[in-house]
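# Survey of secondary and tertiary structure
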Amino acid sequence: PPQRDSPSAKVAALRLTVRSNYPQKGMVVGDVYVHSLGPLTGWDVSEAQVETYNIWGHPTLGTGNHDQSEEPQALCVGQMEMAILWMPSSPSRPEEGRLMMHLKSIKFITRQAADARKMNPWVEVCTFQNGTEKRIQRWDPRGLVASDKQQSWLTTRGAF
């Protein structure tokens, strides 16, 4: 896995940042890198397959004997099960479209993530354009006023 701020990390198609409020508020637990959306392209929601992705924690120096020139090693702190589907708006413009993600579970490796059972993680998604990070906002179908087609965000809470 690339280091978080390295140039090789900024060519990934997606970076999913796993955060938690335990033991510190807004702490970054780790990152998942999706290097290409090409294999995840489809035209039907039923085509999305659940796959397992490693969550890479912040690089740390390995324990034991090592010299100062040794590069920090990323540590796998858990796994994320998720289905991703990229639906291009048209075959002639594959760079524009809709990204659909279904996060099924996050499992932490207990010896790598202290007190994993106390974490209540959330995920932030970003992509990179010309080496600049661009956050992808979650689509919220709720409106201000409830109708027969939508709920109101004033009267509902939590996931939708």
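Our structure's up above, just so we're on the same page.
Okay, so let's go over this structure. Here the structure is a predicted model, which means the values were calculated and not measured.

Once that is clear, we can look at the overall build of the protein chain. Check the secondary structure of the protein chain and you find zero helices and seven strands. When the helices and strands of the protein chain are placed in sequence order, the string is β-β-β-β-β-β-β. For the protein chain, buried positions account for 30% of its 160 residues. Across the protein chain, contacts joining residues at least 24 apart in sequence account for 50% of those joining residues at least 6 apart.

In this section: the pattern of salt bridges. Tallied over the entire structure, the rule returns four salt bridges. Salt-bridge contacts for Glu-133 lead to Arg-15; the nearest nitrogen and oxygen are separated by 2.6 Å. Here Glu-133 is found in strand β7 (residues 132–136), whereas its partner Arg-15 is found in strand β1 (residues 14–20), with 118 residues between them in sequence. Taking relative accessible area as the criterion, Glu-133 reaches 47% and is therefore assigned partly exposed. Ionic pairing is found between Glu-96 and Arg-93, a salt bridge with its closest N-O pair at 2.2 Å. Judged by relative accessible area, Arg-93 falls into the partly exposed class, the value being 39%. Among the charged side chains, a salt-bridge network with shared partners connects Arg-19, Glu-124 and Arg-135.

Core analysis: the largest hydrophobic core is formed by 20 residues, its most contacted members being Leu-16, Val-34, Leu-37, Tyr-53, Met-80 and Ile-84. Mapped by element, the contributors of at least two residues to this core are β1, β2 (27–34), β3 (50–56) and β4 (76–90). The element that contributes the greatest number of residues to this core is β4, accounting for five residues. Apart from the residues within four sequence positions on either side, Ile-84 is in contact with Val-34, Leu-37, Leu-40, Ala-48, Gln-49, Tyr-53, Leu-99, Met-100 and Met-101.

Right, let's talk about the environment of Val-123 for a bit. By the element assignment, Val-123 lies in strand β6 (residues 122–129). Counting along the chain gives 107 residues from Val-123 to Leu-16, while the straight-line C-alpha distance between them is 6.3 Å. Beyond its immediate chain neighbours, meaning those up to four positions away, Val-123 contacts Leu-16, Thr-17, Val-18, Met-80, Leu-103 and Ile-106.

So, on to unusual backbone geometry. Cis rather than trans, the peptide bond between Tyr-22 and Pro-23 has omega equal to 5 degrees. Tracing the chain through its elements places Pro-23 in the loop between β1 and β2.

This part covers the side chain of Thr-127. By the secondary structure assignment, Thr-127 is in strand β6. A polar contact of 2.7 Å, which involves the side chain of Thr-127, links it to the backbone oxygen of Ala-13. Residue contacts for Thr-127: discarding those within four places in its chain leaves Ala-13, Leu-14, Thr-132, Glu-133, Lys-134 and Ile-136.

Definitions and cut-offs
- Residues numbered from 1 in each chain as written.
- Predicted model: local features only at pLDDT ≥ 70, side-chain atom pairs only at ≥ 80, totals over all residues.
- Heavy atoms only, no water.
- Helix = DSSP H or I, 4+ residues; strand = E, 2+ residues; numbered from the N terminus.
- Buried < 20%, exposed > 50% of the residue type's maximum accessible area, 1.4 Å probe, protein only.
- Contact = heavy atoms within 4.5 Å.
- Salt bridge = Lys/Arg side-chain N within 4 Å of Asp/Glu carboxyl O.
- Core = buried A, V, L, I, M, F, W, Y, C linked by side-chain atoms within 4.5 Å.
- Polar contact = N/O pair within 3.5 Å; in protein donor to acceptor, adjacent residues only side chain to side chain.

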